[in-house]
Amino acid sequence: PTKKLVAPSILSADFANLEKEIKAVTEAGADWIHVDVMDGHFVPNITIGIPVVKSLKKVSSIPLDVHLMIEEPEKYIEQFVKAGSDYLTIHVESTKDPAAVLKQIRALGAKAGITLRPRTAVSEVLPLLPLCDLVLVMTVEPGFGGQSFMHDQIAKISALRSEIEKHQLNCLIEVDGGINAETAKLCHEADVFVAGSFVFGKDYKKAIVELKEG
Ligand code: DX5
Ligand code: ZN
């Protein structure tokens, strides 16, 4: 397997100092910045949106990996891409026609990602993989940082890896939720580790190095 990528989730960063936080994790070896967008409908929490993505883009030297946890993402895709999302990931449960939204993301020039809730079967996303640059496996119920890793989701990573190899697809596997040095090892078939509370806990560099060693 190739080298692992680490995408710190700024949900656990100091929101009053996002520029400083982004520079600190970049300096510490982060590959992407993971941005969690929540609308209070798809998930029971509200975070940040388009103007913040636009501001982060101005100060980030590494790609923005934007995870949309919103209903009807099709209404906002164009604005999120124009704001500077490099990867834009939607939930398969959040829209009537996920294939159309993925095509829309690519047509606008961003990398398209699909993700699923822990209770959604992996078979829901398999047919969409040819339209995706990224598939995100949620290992917590989306909505909040700092939750415990759900071990029963690991099998989805293996199923996705087999499908990607079988059809020789160009699709990265990302894992998000409860990721730390130990749980990352259990997800060795993934390419990208999202980590919020683990990275922004104390020593950013130590945490990122531990994840990459996976
Ligand atoms: C949860 C978000 C995650 C969250 C991860 O809905 O998608 O990105 O920030 O936080 P940790 O790493 O603390 O579980
Ligand atoms: Zn996320």
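Student: What is the right way to look at the pairing of strand β2 (residues 33–38) in this model?
Tutor: Regular strands place their side chains on alternate faces of the sheet. Counting buried positions along β2 yields 6 of 6 residues, so the element is predominantly enclosed. Covered by surrounding structure in β2 are Ile33, Val35 and Val37 together with His34, Asp36 and Met38, the residues of both alternating faces. Viewed along the sheet, the connection from β2 through helix α2 (residues 50–59) into strand β3 (residues 64–69) turns out right-handed.

Student: What exactly am I supposed to notice about the coordination of the zinc ion (ligand 2) here?
Tutor: Those donors, His34 (NE2), Asp36 (OD), His67 (ND1) and Asp176 (OD), are the protein atoms that reach the zinc ion (ligand 2), and they lie 2.1 to 2.3 Å from it. Taken together, the 6 donor atoms coordinating the zinc ion (ligand 2) span angles of 70 to 168 degrees at the metal, a pattern that classifies the geometry as octahedral. Spacing between the donor residues of the zinc ion (ligand 2) along the chain follows H-x1-D-x30-H-x108-D. With Asp36 in strand β2 and Asp176 in strand β7 (residues 172–176), this residue pair connects regions lying 140 residues apart in the sequence. Across the pair, exposure class does not vary: Asp36 and Asp176 are buried alike.

Student: Sorry if this is basic, but what is going on with the state of the cysteines here?
Tutor: Covalently bonding the sulfur atom of one cysteine to the sulfur atom of another cysteine gives a disulfide. Per the counting criterion, the structure on display carries 0 disulfides. Note on Cys132: no disulfide assigned, nearest cysteine sulfur contributed by Cys171 at a separation of 5.5 Å. The class of Cys132 is buried, set by a relative accessible area of 2%. Cys171 gets classed as buried once you look at its relative accessible area, which sits at 6%.

Student: Looking at this structure, how should I read the pattern of salt bridges?
Tutor: A side chain with one charge can pair with a side chain of the opposite charge if their charged atoms come near. For the structure shown, the criterion picks out 10 salt bridges. Among the salt bridges present, the one from Glu78 reaches Lys82, with a minimum N-O distance of 2.6 Å. Taken together, the residues Glu78 and Lys82, both in helix α3 (residues 77–83) and 4 residues apart, mark about one turn of the helix. Residue classification places Lys82 among the exposed positions, given a relative accessible area of 64%. Across the salt bridge formed by Glu141 and Arg119, the nearest N and O atoms sit 3.6 Å from each other. Remark: Arg119 occurs in the loop between β5 (111–116) and β6 (134–138) and Glu141 occurs in the loop between β6 and α5 (154–166); sequence separation between them is 22 residues. Given a relative accessible area of 66%, Arg119 falls into the exposed group. Beyond isolated ion pairs, a larger network of salt bridges with shared partners links Arg117, Arg119 and Glu141.

So, how was this worked out
Residues numbered from 1 in each chain as written. Chains lettered and ligands numbered in written order. Predicted model: local features only at pLDDT ≥ 70, side-chain atom pairs only at ≥ 80, totals over all residues. Heavy atoms only, no water. Buried < 20%, exposed > 50% of the residue type's maximum accessible area, 1.4 Å probe, protein only. Helix = DSSP H or I, 4+ residues; strand = E, 2+ residues; numbered from the N terminus. Right-handed = clockwise from strand over helix to strand, strands pointing away. Donors = N, O, S within 2.8 Å, 3.2 Å for Na, K, Ca; no water. Tetrahedral: all angles 85-135°; square planar, octahedral: opposite > 155°, others 65-115°. Disulfide = S-S within 2.5 Å. Salt bridge = Lys/Arg side-chain N within 4 Å of Asp/Glu carboxyl O.

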